[in-house]
Amino acid sequence: MRPWVFIRGVPAMKFLPPEGPPEIAFAGRSNVGKSSLINALVGKKGLARTSNTPGRTQELNYFVPDGYSGGEDDLPPMALIDMPGYGYASAPKDKVDAWTKLVFDYLKGRVTLKRVYVLIDARHGIKANDEEVLSLLDKAAVSYQIVLTKTDKIKEAGLPRLIANTLERIRKRPAAYPAVLATSSEKGGGLDELRAAIAQAANGL
Ligand SMILES: Nc1nc2c(ncn2[C@@H]2O[C@H](COP(=O)(O)OP(=O)(O)OP(=O)(O)O)[C@@H](O)[C@H]2O)c(=O)[nH]1
Ligand SMILES: [Mg+2]
């Protein structure tokens, strides 16, 4: 597989690249593990910047497989988009409000956005601000799938029940993919399944 590279940080909607290849976005509360999951998926530590402190990612960061010129006739097969988190962040409120608006505007208004992975910390489950994002995606008819993160931090025996409970929570949501993926960026769990799901989503399946 070609190495992945960072191509663009988007601080506001007007800086988005022209609509081109399928985009796959990673959304979730601050610190849930979005950037870590992208690094684990593409096998490149430090590609997306991570931190113990919530609020690390502050722009929509575009990653593509290396080797594309960016010309109209040479488009990458897809772009992975790391996003600022919503919810708590150790940054001034006006900044956090601006990131949240950017994330929400992007999620509901991007034609080439093929799938959103909504990351949920396996220890905490779906929170009120996650529900808000799921409702926005349902309303905008943007396909999304729930991904549990940091499953290395919970007891393995509890995982089937957690998955079942999460599935029950999204059962009536029209744009939710009816399966929940359980991952650990730390230990590598669930990454192959997620890679396969992403490849399918990028191909419009
Ligand atoms: N144990 C464990 N820790 C993880 C895992 N994934 C991420 N972390 C840790 O969680 C913290 C936050 O990870 P990030 O990837 O920066 O989270 P983020 O969602 O991108 O955060 P923001 O950009 O601030 O919204 C870091 O300290 C990571 O090392 C995981 O699978 N297992
Ligand atoms: Mg991040």
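As the structure is a prediction and not an experimental result, all values here were calculated from the model.

About the criteria used
- Residues numbered from 1 in each chain as written.
- Chains lettered and ligands numbered in written order.
- Predicted model: local features only at pLDDT ≥ 70, side-chain atom pairs only at ≥ 80, totals over all residues.
- Core = buried A, V, L, I, M, F, W, Y, C linked by C-beta atoms within 7 Å.
- Buried ≥ 20, exposed ≤ 12 C-beta atoms within 10 Å, placed from the backbone.
- Contact = placed C-beta atoms within 7 Å.
- Near = placed C-beta within 6 Å.
- Helix = DSSP H or I, 4+ residues; strand = E, 2+ residues; numbered from the N terminus.
- Nonpolar A, V, L, I, M, F, W, Y, C, P; charged D, E, K, R; others polar.
- Pairing = 2+ DSSP bridges.
- Axes fitted to C-alpha atoms, helices over the stretch in contact; angles between N-to-C directions.
- Expected span 1.5 Å × (residues − 1).
- Arc of directions from axis to C-beta.

A. Layout of the nonpolar core. One finds Phe-26, Ala-27, Ile-81, Val-116, Val-118 and Leu-119 to be the most contacted residues of the largest nonpolar core, which totals 49 residues. Excluding anything up to four places from it in sequence, Leu-119 contacts Phe-26, Ala-27, Gly-28, Val-32, Gly-33, Lys-34, Leu-37, Val-147 and Thr-149.

B. Representation of the site of ligand 1 in the model. Taken together, 24 residues lie around ligand 1, and Gly-33, Ser-36, Thr-50, Thr-57 and Gly-85 are the ones closest in. Considering each element in turn, the shell around ligand 1 owes the most residues, three residues, to helix H1 (residues 34–42). Looking at side-chain class alone, the shell around ligand 1 contains three nonpolar, 15 polar and six charged residues.

C. Inspection of the sheet that holds strand S2 (residues 23–28) at higher detail. Here seven strands make up an open sheet; going across it, the order is S1-S3-S4-S2-S5-S6-S7 and the pairing mixed. Only two strands of the sheet have a single neighbouring strand rather than two, namely strand S1 (4–10) and strand S7 (176–182). Taken over all neighbouring pairs, the strand axes of this sheet differ in orientation by 25° on average, direction set aside. When S1 meets strand S3 (residues 60–65), the two strands line up antiparallel, connected through six bridges. From the neighbouring strand, Val-10 faces S3, where its bridge partner is Leu-60. On the sheet, helix H3 (residues 128–140) packs against S2, strand S5 (113–121), strand S6 (144–149) and S7 and is oriented at approximately 165° with respect to S5.

D. Region of the structure containing H1. Taking burial as the measure, the nine residues of H1 include eight buried ones, the bulk of the element. Of all the positions in H1, only Lys-34, Ser-35, Ser-36, Leu-37, Ile-38, Asn-39, Ala-40 and Leu-41 are classed as buried. Contact partners of the buried residues in H1: S2, S3, strand S4 (79–82), S5, S6 and helix H5 (191–202). Gly-43, located one to two residues past H1, shows a positive phi value of around 70°.

E. Examining H3 more closely. Here H3 contains 13 residues, and its C-alpha end-to-end distance of 19 Å stays within 8% of the 18 Å for a straight helix at 1.5 Å per residue. For H3, the full list of buried residues reads Asp-130, Val-133, Leu-134 and Leu-137. Considered in projection along H3, the buried side chains sweep an arc of 100° and stay on one side of the axis. Exposed residues on H3 whose side chains face more than 90 degrees from its buried face are Ala-128, Ser-135 and Lys-139. In the core, the buried residues of H3 are packed alongside S2, helix H2 (93–109), S5, S6, helix H4 (159–170) and S7.

F. Spatial organisation of the pairing of S4. Side-chain alternation along S4 places Ala-79 and Ile-81 on one buried face and Leu-80 and Asp-82 on a second face that is also buried. Direction of pairing for S2 relative to S4: parallel, over a ladder of four bridges. Bridge pairing links Phe-26 to Asp-82 in S4. Sheet topology places S3 next to S4; three bridges connect them, and they run antiparallel. When the bridges of S4 are listed, Asn-61 appears paired with Asp-82.

So, to be careful, I would describe these as geometric facts and stop short of saying anything about function.
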